[in-house]
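Coordinates in review
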Amino acid sequence: MVSPSVLRTRKTKAVGIPTIDLSLCRSKLVKLIVKACEEFGFFKVTNHGVPMEVISRLEEEGSGFFAKPVAEKEKQRAGPISPFGYGSKNIGFNGDLGELEYLILQTNPISIAERSKAISNDPLKFSCAVNDYIQSVRELTCEILDLVAEGLGISDKFVLSRLIRDVQSDSVLRLNYYPNSAVKEVNEWDPSTGKFRQNHYSKKSRVGFGEHSDPQILTILRSNDVGGFQICLHDGLWVPVPPDPTEFYVIVGDALQVLTNGRFTSVRHRAMANSGRARMSMGYFGAPPLDAWITSLPELVSSQRPSLYKPFTWNEYKKAVYSLRLGDTRLDLFKLHAGNKTAS
Ligand SMILES: C=C1C[C@]23C[C@@]1(O)CC[C@H]2[C@@]12CC[C@H](O)[C@@](C)(C(=O)O1)[C@H]2[C@@H]3C(=O)O
Ligand SMILES: O=C(O)CCC(=O)C(=O)O
Ligand SMILES: [Fe+2]
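As the structure is a prediction and not an experimental result, all values here were calculated from the model.

Topic: the site of ligand 2
As a structural note, the neighbourhood of ligand 2 is formed by 13 residues, with Asn176, Tyr178, His269, Arg279 and Ser281 the closest of them. His269 places a polar side-chain atom, nitrogen or oxygen, 3.1 Å from an oxygen atom of ligand 2. Contacts to ligand 2 include Arg279, whose side-chain N or O atom sits 2.8 Å from an oxygen atom. A total of 300 Å² of accessible area belongs to ligand 2 in isolation, and the protein chains cover 97% of it. Only strand S5 (172-178), strand S8 (207-212), strand S13 (269-272) and strand S14 (279-286) provide two or more residues apiece to the shell around ligand 2. Taken together, the residues of the shell around ligand 2 sort by class into 6 nonpolar, 4 polar and 3 charged.

Here we look at empty space enclosed by the protein
Within this structure, the stated rule accounts for 2 cavities of 30 Å³ or more. Size it by volume and the largest cavity reaches roughly 80 Å³. For the lining of the largest cavity, the element with the most residues is strand S9 (residues 218-223), which contributes 3 residues. Residues of the lining of the largest cavity, tallied by class, amount to 7 nonpolar, 3 polar and 4 charged. If you add up the space inside the second largest cavity, you get close to 40 Å³. What lines the second largest cavity is simply Tyr178, Pro179, Ser181, Gly227, Met272, Ala273, Asn274, Ser275, Gly276, Arg277 and Arg279.

Re the layout of surface pockets
If you add up the space inside the largest pocket, you get close to 770 Å³. As for the largest pocket, its lining consists of 46 residues, and the residues nearest its centre are Ile91, Ile104, Arg174, Phe209 and Tyr322. Looking at the lining of the largest pocket, the elements that each hand over two or more residues are strand S3 (85-91), strand S4 (96-106), S5, S8, S9, S13, S14 and helix H8 (314-323).

Remarks on the packing of helix H1 (residues 26-39) against helix H5 (residues 123-151)
Packing of H1 against H5 leaves a shortest axis separation of 8 Å and a crossing angle of 90°. As far as their axial angle goes, H5 and H1 are roughly perpendicular. On H5, the residues that touch Arg26, Leu29, Val30, Ile33 and Val34 of H1 are Ile144, Asp146, Leu147, Val148, Glu150 and Gly151. Among the residues forming the contact of H1 with H5, the class breakdown is 7 nonpolar, 1 polar and 3 charged.

Overview of the pattern of salt bridges
In total, this model carries 22 salt bridges according to the counting rule given. Taking the shortest distance from any N to any O, the salt bridge between Glu53 and Arg57 comes out at 2.7 Å. Placement of both Glu53 and Arg57 in helix H2 (residues 52-66) is noted, with a separation of 4 residues, approximately one turn of the helix. Take Glu53: its relative accessible area is 45%, and that puts it in the partly exposed class. The class for Arg57 is partly exposed, based on a relative accessible area of 26%. Glu74 is paired through a salt bridge with Arg77; the nearest N and O atoms lie 2.6 Å apart. Relative accessible area serves as the criterion here: at 29%, Glu74 is assigned to the partly exposed category.

Concerning the pairing of strand S12 (residues 248-252)
Of all 5 residues in S12, 5 are buried, a share of seventy percent or more. Alternating residues of S12 divide into Phe248, Val250 and Val252 and Tyr249 and Ile251, and every residue in both groups is buried. Where strand S2 (residues 42-46) lies against S12, 4 bridges are found, and the strand directions are antiparallel. Following the sheet pairing, Lys44 is matched in S12 by Tyr249.

Some words on the coordination of the iron ion (ligand 3)
Protein-derived coordination of the iron ion (ligand 3) comes from His212 (NE2), Asp214 (OD) and His269 (NE2), at a distance range of 2.1 to 2.2 Å. Linear spacing of the donor residues for the iron ion (ligand 3) on their chain is H-x1-D-x54-H. Taken together, the positions of Asp214 in the loop between S8 and S9 and His269 in strand S13 put the pair 55 residues apart, joining distant regions of the chain. Residue Asp214 is classed as buried on the basis of its relative accessible area of 3%. Owing to a relative accessible area of 3%, His269 belongs among the buried residues under this scheme.

Parameters and conventions
- Residues numbered from 1 in each chain as written.
- Chains lettered and ligands numbered in written order.
- Predicted model: local features only at pLDDT ≥ 70, side-chain atom pairs only at ≥ 80, totals over all residues.
- Heavy atoms only, no water.
- Near = heavy atom within 4 Å.
- Polar contact = N/O pair within 3.5 Å; in protein donor to acceptor, adjacent residues only side chain to side chain.
- Areas by Shrake-Rupley, 256 points an atom, 1.4 Å probe, with all protein chains shown as cover.
- Helix = DSSP H or I, 4+ residues; strand = E, 2+ residues; numbered from the N terminus.
- Nonpolar A, V, L, I, M, F, W, Y, C, P; charged D, E, K, R; others polar.
- 1 Å grid on protein atoms, 1.4 Å probe; cavity = no way out; pocket = protein on both sides within 12 Å on 5 of 7 lines; lining within 4 Å.
- Points joined across faces, edges and corners; volume = space filled by probe spheres on them.
- Axes fitted to C-alpha atoms, helices over the stretch in contact; angles between N-to-C directions.
- Parallel < 35°, antiparallel > 145°, perpendicular 65-115°, else oblique.
- Contact = heavy atoms within 4.5 Å.
- Salt bridge = Lys/Arg side-chain N within 4 Å of Asp/Glu carboxyl O.
- Buried < 20%, exposed > 50% of the residue type's maximum accessible area, 1.4 Å probe, protein only.
- Pairing = 2+ DSSP bridges.
- Donors = N, O, S within 2.8 Å, 3.2 Å for Na, K, Ca; no water.

And the structure:
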């Protein structure tokens, strides 16, 4: 029997991922960012302003946590009704599985202080590393969202970043750990060359984190130097994204797709776990407060381009997200066109 985490056939394709240098002049930046969000829903940023020291401290704390005995980590288990805390293999509440361990944290400092007591032997060090990272990456998220608003000609330039800066923001920090998948290497004699040849057996395409789009506004993703992350192009082909531990990848989420009335599309992506080395990623998922309304920005709605989605609160959307499977296209529930299902 094939395990649900083993992928069968789909092909991958090499494509240049847009890379945007945030030190460029603003007029160039806004155009490049809008273009990347429209064409890919995804791009890499350089000169992002997040100090390497801040990234390294979180990486060290994350590695320390995942290196703990399972019994220790299990004390932080997520669920059954809350997604926060430690998880292994089970993703969400509806039967999705992946070859990973993870830690999901709320981003408010009170919750982090509370969690850190149980997560680390040095809670202050852990919470400082997490808070500093969140603060820095939140700034980056807000800067990108301000550039997006400007590039789209939105009159209120801070309308997007305000949702993330709100003290009630429902943003999340997630650390993912994909253990080294055991690949058997066998040296076999090759009579045609008269040399030993290294053969790799059981090298299956193991899915670490299955195909999905992120529900939030914007995700800022960083990983160690181990590959595995892939994005899906509109033609359905998967593009492997080279790892770059010093830079960040930016992912358009479902909420930004709605806010831009479909001008940006939330990119589908996944993480494979077949590189033969352990991979760790950290994702900051920028989200609005639970009671915030998610609806197309008025400047992006016209008689030629009517609103594609019915308005909903972030809380309503989250409920839909958690009632569905990882790979489901949840925004379909909120489409406004005749003939389409709408959420009750
Ligand atoms: C199966 C699920 C896990 C997830 C919630 C969901 O029902 C569908 C979306 C998943 C996702 C993807 C992005 C983030 O990693 C995440 C925290 C989120 O907000 O949506 C996860 C959810 C999760 O793992 O709890
Ligand atoms: O680990 C990764 O690189 C991606 C994980 C991801 O897509 C997520 O946590 O939503
Ligand atoms: Fe994701």
